[in-house]
Amino acid sequence: MNQEMSFIQREVLKPKPDTSSLGFGKYYSDYMFVMDYQSEQGWYNPRIAPYEPLTLDPSAMVFHYGQAIFEGMKAYKGTDGTIQLFRPEKNMNRLNQSCDRLCIPPIDEEYLLRAIKQLILTEKDWIPDGDGTSLYIRPFIFSTEAYLGVRPAKEYKLLVILSPSGAYYGSQLSPVKIYVEEQYVRASIGGVGHVKTAGNYAASLKAQEKAEKNGYAQILWLDSKENKYVEEVGSMNIFFKINGEVVTPKLNGSILPGITRDSVIQLLKYWDIPVREEKISIQEVYAAHKSGELEEVFGAGTAAVISPVGELNWNDHAIVINDHKIGQLSQNLYDEMTGIQLGKKEDPFNWIVKVAQVGV
Ligand code: COI
């Protein structure tokens, strides 16, 4: 795509929130990136425009048939003041995989990344620099065509919005309690669990609500066929440290291929810590707990970074992990990941992409 991006100025800028109590996804910056699609002309009219409500036709297909996909990324203010992104090309690539599965036209990955960098530069004063904070970036695409027949839409919108955010689970790196769900399922093989479509999250809400009522922060999903193999948590992938070795469920077509998940696997290999991607049943996790070999459990995701799990509740068995305390490996991974993201630690994998003036 080779189109000039336009800039629509807003009249009044918003006050910035207090960075000590940001929470997650509550505040939005002054501007967003927008681009439209029509089947005759492809993606067109890229623009940075004021963040404001949209007007959509009540018959816009997204409301009825749910072609809606998204990504989650973060921009960090590095210690030397540079703005840094973490493996953003992976998010662009996964966005296109989601497009493909939902029959949404693909985007030009390089163009979108340039546009995101331009938006971040426009909004650089919105990047918080408090401990554990970042500018959360939410690119998303949805169908806008006004039509009620069931087929892929011919019109879409792509937006990127920015949200200065703190820790996803309230406080950074405090062990969360997770409920192992046996009644509802998140996704099945052949479905859409491996891509980031809005419906996956809608499907998770009922169980999430149930878990929260019982004092749990999140759900651990099991496979849809046997209700046995661990899949993922609603907003992150999951890792178990059992007897010195780390295991994470192998990608099987219904688990989201997390970018943080992939980074954790690479880091563990780099540190010579044995790590395996394989099917792991909840019974094996319980057995490891019973024999005292379940050393740590942690989640990994863009929003959550590394989130230690202090307790799993499976079938009324409380599986308490490391006495509800942060495990050493979880702490090391968190320090390393955030250290790389903030430019405080070396980046042996070239994961960091610096945001400097770009032409779009
Ligand atoms: C992310 O980690 O960026 C996600 O997309 C999870 C989200 C549902 C908070």
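Residues numbered from 1 in each chain as written. Predicted model: local features only at pLDDT ≥ 70, side-chain atom pairs only at ≥ 80, totals over all residues. Heavy atoms only, no water.

*Asks:* What am I meant to see in the overall build of the protein here?
*Replies:* Across its full length, the protein holds seven helices and 18 strands. Against the globule reference of 21 Å for 360 residues, the protein gives a C-alpha radius of gyration of 21 Å, in line with a compact fold. Overall size of the protein, expressed as C-alpha extent along the three principal axes, is 60 × 50 × 35 Å. Residues counted as buried form 52% of the 360 residues belonging to the protein. In the protein, once contacts between residues fewer than 6 apart in sequence are set aside, the share between residues at least 24 apart is 71%. (Helix = DSSP H or I, 4+ residues; strand = E, 2+ residues; numbered from the N terminus. Rg over C-alpha atoms; globule rule 2.2 N^0.38 Å. Buried < 20%, exposed > 50% of the residue type's maximum accessible area, 1.4 Å probe, protein only. Contact = heavy atoms within 4.5 Å.)

*Asks:* Honestly, empty space enclosed by the protein in this entry has me stumped. Any pointers?
*Replies:* To locate leftover empty space, one rolls a probe as large as a water molecule over the atoms. In the structure shown here, the tally under the stated rule is three cavities of 30 Å³ or more. Looking at the largest cavity, it is lined by 13 residues, and the ones nearest its centre are Tyr-76, Phe-86, Thr-260, Thr-302 and Gln-341. For the lining of the largest cavity, the secondary structure elements donating two or more residues are β5 (73-77), α5 (259-270) and α7 (328-341). Each of domain 1 (6-165) and domain 2 (176-326) gives at least three residues to the lining of the largest cavity. (1 Å grid on protein atoms, 1.4 Å probe; cavity = no way out; pocket = protein on both sides within 12 Å on 5 of 7 lines; lining within 4 Å. Points joined across faces, edges and corners; volume = space filled by probe spheres on them. Domains from an automatic or database assignment.)

*Asks:* For this particular structure, what's the right way to read the layout of surface pockets?
*Replies:* In this structure, the largest pocket encloses a volume near 550 Å³. Residue lining of the largest pocket: 30 residues in total, with Tyr-168, Lys-196, Tyr-201, Gly-234 and Ser-235 positioned closest to the centre. Contributing elements (two or more residues each) for the lining of the largest pocket: β7 (134-143), α4 (198-213), β10 (218-222), α5 and β15 (294-301). Considering each element in turn, the lining of the largest pocket owes the most residues, six residues, to α4. In terms of residue class, the lining of the largest pocket is built from twelve nonpolar, twelve polar and six charged. Both domain 1 (6-165) and domain 2 (176-326) contribute no fewer than three residues apiece to the lining of the largest pocket. (Nonpolar A, V, L, I, M, F, W, Y, C, P; charged D, E, K, R; others polar.)

*Asks:* I keep staring at the pairing of strand β2 (residues 31-38) and nothing clicks. Help me out?
*Replies:* Consecutive side chains of a regular strand alternate in pointing toward one face of the sheet and then the other. Of all eight residues making up β2, seven are buried, and the element is well covered by its neighbours. In this sheet, strand β3 (residues 42-50) lies alongside β2 in antiparallel orientation, the contact comprising seven bridges. Paired with Phe-33 across the strands is Ile-48, a residue of β3. In this antiparallel pair of consecutive strands, β2 and β3, the connection spans three residues. Bridge analysis of β2 against strand β8 (residues 155-165) gives six bridges, and the strand direction is antiparallel. Residue pairing in the sheet places Gln-38 in a bridge with Glu-155 of β8. (Pairing = 2+ DSSP bridges.)

*Asks:* What's the story with the nonpolar core in this structure? I'm lost.
*Replies:* Within soluble globular proteins, side chains that are nonpolar generally end up buried alongside one another. By size, the foremost hydrophobic cluster in this structure holds 40 residues, and its most contacted members are Phe-33, Leu-112, Ile-137, Ile-141 and Leu-158. In this structure Leu-158 touches Phe-33, Val-34, Met-35, Trp-43, Ile-107, Leu-112, Phe-140 and Ile-141, once residues within four positions along its chain are discounted. Core analysis: the second largest hydrophobic core is formed by 25 residues, Ile-242, Val-247, Val-297 and Ile-321 among them. (Core = buried A, V, L, I, M, F, W, Y, C linked by side-chain atoms within 4.5 Å.)

*Asks:* Is there a simple way to think about the site of the ligand in this case?
*Replies:* Looking at the ligand, the residues that line it are Phe-70, Gly-72, Tyr-136, Arg-138, Tyr-168, Lys-196, Tyr-201, Thr-302 and Ala-303. Between the ligand and Tyr-136 there is a distance of 2.5 Å, counted from an oxygen atom to a side-chain nitrogen or oxygen. Note that an oxygen atom of the ligand is positioned 2.7 Å from one of the side-chain N or O atoms of Lys-196. Protein chains shield 91% of the accessible area of the ligand, which is 280 Å² for the free molecule. More than half of the atoms belonging to the ligand lie within 2 Å of the grid points that define the largest pocket. Across the shell around the ligand, the residue classes tally to five nonpolar, two polar and two charged. When residues of the shell around the ligand are assigned to domains, at least three map to each of domain 1 (6-165) and domain 2 (176-326). (Near = heavy atom within 4 Å. Polar contact = N/O pair within 3.5 Å; in protein donor to acceptor, adjacent residues only side chain to side chain. Areas by Shrake-Rupley, 256 points an atom, 1.4 Å probe, with all protein chains shown as cover. Sits in = over half its atoms within 2 Å of the grid points.)

*Asks:* Looking at this structure, I do not really get a nonpolar patch on the surface. What am I missing?
*Replies:* The grouping of Tyr-65, Leu-148 and Val-150 at the surface amounts to a nonpolar patch, some 320 Å² of accessible area in total. When you line up the elements, Tyr-65 lands in helix α1 (residues 61-65). (Patch = residues over 30% accessible without salt bridge, like charges linked within 9 Å, V, L, I, M, F, W, Y side chains within 5 Å. Salt bridge = Lys/Arg side-chain N within 4 Å of Asp/Glu carboxyl O.)

*Asks:* Explain helix α2 (residues 88-101) to me, please; I cannot follow it from the model alone.
*Replies:* Side chains that are three or four residues apart share a direction in an α-helix, a result of its 3.6 residues per turn. For α2, with 14 residues, the first-to-last C-alpha span of 20 Å sits near the 20 Å given by 1.5 Å per residue. Where α2 is concerned, the buried positions are Pro-88, Asn-91, Met-92, Arg-94, Leu-95, Asn-96, Ser-98 and Cys-99. (Expected span 1.5 Å × (residues − 1).)

*Asks:* What should I look at first to understand the domain arrangement of the protein in this one?
*Replies:* Interface size is often expressed as the accessible area that is lost when the parts come together. Split by domain assignment, the protein resolves into domain 1 (6-165) and domain 2 (176-326). Inter-centroid distance (C-alpha atoms) of domain 1 to domain 2 is 28 Å. Taken together, the contact between domain 1 and domain 2 spans 19 residues of the former and 19 residues of the latter. Carbon and sulfur atoms make up 59% of the surface buried where domain 1 meets domain 2, a total of about 1500 Å² over both sides. When the buried area of domain 1 at its contact with domain 2 is split by residue, Phe-70, Arg-94 and Arg-101 rank highest and sum to 40% of it. Taken together, the connections running from domain 1 to domain 2 amount to one salt bridge. A salt bridge links Asp-262 to Arg-87; its shortest N-O distance comes to 2.8 Å. (Buried area = accessible area lost by both parts, 1.4 Å probe.)

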